[in-house]
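# Understanding the architecture of this molecule
Next come the chains, spelled out residue by residue.
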Amino acid sequence: MRVLVLAPSAYLLGGVQDWLANLVPGLREGGLEVTVAVPDGDHHRHGPYARAYPALAAGAIANPSGSAEGRIRAIAALLERLDPDLVLGVNLVDLYPAARRARRRGRFHGRVVMTLHALQAEYFDDLRRHGAGIDAVIATNRLACRLASGRGGMDPARVLYAPYGVPVPPWQLPDGDPAATLKLAWVGRLEQEQKRVHDLPPLLEALQARGIDVRLSIAGDGEERPALERSLAPWIERGRVRMLGHVDQGRLAAEVYGHHHALVITSSWETGPIVAWQAMASGMAVVSSRYVGAGLEGALEQDATALLFPCGDADAAAGALARLRDPALLERLSRAGHALVARRYSGAASLAAWRRALDQATALPPLPQAPEEPAPAPAGRLDRWLGRQRGEDLRRLLGLRFRHGSPGSEWPHAGGDGAGGAGDAAGTGAQAEHLLAAAARLDAPGASHG
């Protein structure tokens, strides 16, 4: 099987990047011919990405004009040149109109698969918009699978599940007496909407009010780092909190995982998270918010594999963490979490699930020929004067190029990216809240999922 993977190159950190870096070598070792291609431009840069993930041997996709038509042409040309059996899209929405164009020309005959890594409204809207040309969705989370069919309109038979995977060393309990000093870690992107990093200062205050001696290591970077450092300044000055910044996988294994008693998760939603599986594999306990995405997945079970608290409830989180001062409970959770990951989320289990999903995607009945995609909006005056195709031809002939202000504008991750305007932002925020509320009802234990 010949597989083409299209992924962004603007981001060198995160669970999706780690997933891809682990998956591709495993697929190649299993006999698949896997090609990885990433954009090369101002924000999406092939060079740094290739250096960060050399095992992927990623090639570059260039868009000389910077227009939407230029992106579609670049991807369509790659599909027509390689004609892979399967193309996996990783948050590059222009794949779908490009694949439809290449198919209509009779130069691309493979299957198109969306890999779904987030519970965000725009990705489900893209499924509705482009679903006539998408053969399958592979999601890393059970709730995301339900939403792909319910919210995204995909045929449930074309929605497949394959989780993230992590290395699983032999079980070992982290060192140190939790009753004397409770060693905690928080790992992730420092942002508020999903990860809720600003829940950490109130949590520390609640732990302090209970008289619990805590050491917290925060590994990650992001837009909220300056504000978080200001909020945590008293704890940082007393040596109770360490801000580690971006920590690669090697340092996480050497300094974080297995070296703290518990991982704290404060998120509002997740499709993993990989950090939970990594922490459990290292023998750490997990104390987590009841984030949207945890229910149907069924991995984090109260008092069985983890301790859980309502999202945003600092006092409840502190109460759960206080329980870990009992060494017997800590060891029980450590062993149970390690066993869970070894069974469901190991590298081998994940690779087998992804290989199975790829085989299932290729075996699906072919889609009916989809109608031609609506043309992108005019990119500028040349398109309005000459038409989209001739306008793009002239831009390339003259070497004209659009400059983009962000990665999501240069190579959009979803159809709603780069829309601009305060009204659009407000609409997107309301749409996200509506999706999260609906997803929470679907994900709740005991909910009807008929």
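The notes below deal with the structure included here. The structure presented is a predicted model; accordingly, all values stated were derived computationally and were not measured.

Okay, the sheet that holds strand β9 (residues 214–219) next. Within a beta sheet, neighbouring strands are joined by backbone hydrogen bonds and run either parallel or antiparallel to one another. On the basis of which strands lie adjacent, the open sheet formed by 6 strands has the order β10-β9-β8-β11-β12-β13 and parallel pairing. For this open sheet the edge positions go to β10 (241–245) and β13 (307–309), each flanked by a neighbour on one side alone. Put simply, the sheet's adjacent strands are angled 20° from each other on average, direction ignored. Looking at chain direction, strand β8 (residues 182–187) and strand β11 (residues 262–265) are connected through 2 bridges and run parallel. Opposite A185, over in β11, you have L263 as the bridge partner. Packed on one face of the sheet, helix α11 (residues 274–281) meets β8, β11 and β12 (285–289) and runs near 165° to β11. Docked against the sheet, helix α12 (residues 314–323) engages β8, β11, β12 and β13, running at close to 165° with respect to β13.

This part covers the packing of helix α5 (residues 121–130) against helix α6 (residues 142–150). Contact geometry of α5 with α6 gives a least axis separation of 9 Å together with a crossing angle of 40°. Relative to α6, the element α5 lies oblique. In this structure, α5 crosses over α6, and the sense of that crossing is right-handed. The segment α5 lies against α6, with F124, L127 and R128 engaging A144, L147, A148 and G150. When grouped by side-chain class, the residues that make up the contact of α5 with α6 number 5 nonpolar, 1 polar and 1 charged.

Pairing in this open sheet of 7 strands is parallel, and the strands run β3-β2-β1-β4-β5-β6-β7 from one edge to the other. Because the sheet does not close on itself, it has two edges, and the strands there are β3 (59–62) and β7 (159–161). Ignoring strand direction, the axes of neighbouring strands in this sheet form an average angle of 25°. Here strand β6 (residues 136–139) runs beside β7; their pairing, made up of 3 bridges, is parallel. By the bridge assignment, I138 is partnered in β7 with L160. Lying on the sheet, helix α1 (residues 15–29) is in contact with β1 (2–6), β2 (33–40) and β5 (111–116); it crosses β2 at an angle near 150°. Running at roughly 175° to β7, α6 makes contact with β5, β6 and β7 of the sheet.

By the definition in use, this model includes 4 cavities of 30 Å³ or more. Lining the largest cavity, in full, are W186, V187, K195, V264, I265, T266, S267, E270, P273 and V275. Put simply, the parts of the chain that give the lining of the largest cavity at least two residues each are β8 and β11. Residue classes in the lining of the largest cavity are distributed as 6 nonpolar, 2 polar and 2 charged.

With that settled, the discussion passes to the pairing of strand β4 (residues 86–89). Across the two faces of β4 the burial is the same, with L86 and L88 and V87 and G89 all buried. The pairing of β1 with β4 spans 4 bridges and is parallel. The residue bridging L6 from the neighbouring strand is G89, located in β4. Between the parallel pair β4 and β5, the chain is carried across by helix α4 (residues 95–104), and the sense of this crossover is right-handed.

Let us look at the packing of aromatic side chains. Per the stated rule, a full pass over the model turns up 3 aromatic pairs. Ring plane angle 45° and centroid distance 5.1 Å describe the contact between W19 and W354, whose orientation is recorded as tilted. Residue W19 is found in helix α1, and its partner W354 is found in helix α14 (residues 347–363); the two are separated by 335 residues along the sequence. For W19, a relative accessible area of 4% puts it in the buried group. Geometrically, the ring pair formed by Y49 and Y53 is tilted, given 5.2 Å between the ring centres and 50° between the ring planes. The exposure class of Y49 is buried, given its relative accessible area of 2%. The exposure class of Y53 is buried, given its relative accessible area of 11%. For the cation-ring pair, R142 lies above Y161, with the distance from its terminal atom to the ring centre recorded as 3.6 Å. Positioned above the aromatic ring of W171, the side-chain terminus of R335 is 3.7 Å from the ring centre.

Cut-offs and rules
Numbering of residues starts from 1 in each chain and follows the order in which that chain's sequence is written. Per-residue local features of the predicted model are confined to residues with pLDDT of at least 70, and side-chain atom pairs are confined, for both listing and counting, to 80 or more; whole-chain, interface and lining totals are unaffected and use all residues. The side-chain numbers reported here are obtained from all heavy atoms of the structure, hydrogens and water having been left aside. Pairing between strands is defined by DSSP: at least two bridges between the two strands are required. Put simply, DSSP marks the helices as runs of H or I at least four residues long and the strands as runs of E at least two long, and each gets a number from the N terminus on. In this description, a line fitted to the C-alpha atoms serves as the axis of each element, helices being fitted only across the stretch in contact, and the angle between N-to-C directions of two axes falls anywhere from 0 to 180 degrees. It only takes one pair of heavy atoms within 4.5 Å for two residues to be counted as in contact. Here is the rule for angles: anything less than 35 degrees is roughly parallel, anything more than 145 is roughly antiparallel, 65 through 115 is roughly perpendicular, and the remaining ranges are oblique. Working rule for handedness: look at the near helix, and if it is turned counterclockwise from the far one by less than a right angle, call the crossing left-handed; if clockwise, right-handed. Residues are grouped as follows: Ala, Val, Leu, Ile, Met, Phe, Trp, Tyr, Cys and Pro are nonpolar; Asp, Glu, Lys and Arg are charged; all remaining types, including Gly, are polar. The distinction between a cavity and a pocket rests on a 1 Å grid over the protein atoms alone: a 1.4 Å probe fits inside a cavity but cannot get out, while a pocket stays open yet meets protein on both sides within 12 Å along at least five of seven lines, and a residue with an atom within 4 Å of a point counts as lining. Grid points are joined across faces, edges and corners, and a volume is the space filled by probe spheres set on the points. When accessible area is computed with a 1.4 Å probe and restricted to protein chains, residues below 20% of their type maximum are described as buried, those above 50% as exposed, and intermediate ones as partly exposed. Seen with its strands pointing away from the viewer, a crossover is right-handed if its path from the first strand over the helix to the second goes clockwise. Think of it this way: a Phe, Tyr or Trp ring, Trp meaning its six-membered ring, pairs with another when their centres are within 6.5 Å, and the plane angle makes it stacked under 30 degrees, edge-to-face over 60, tilted otherwise. Charge-over-ring contacts are defined here by two conditions on Lys NZ or Arg CZ: a distance within 6 Å of the ring centre and an angle within 35 degrees of the ring normal.

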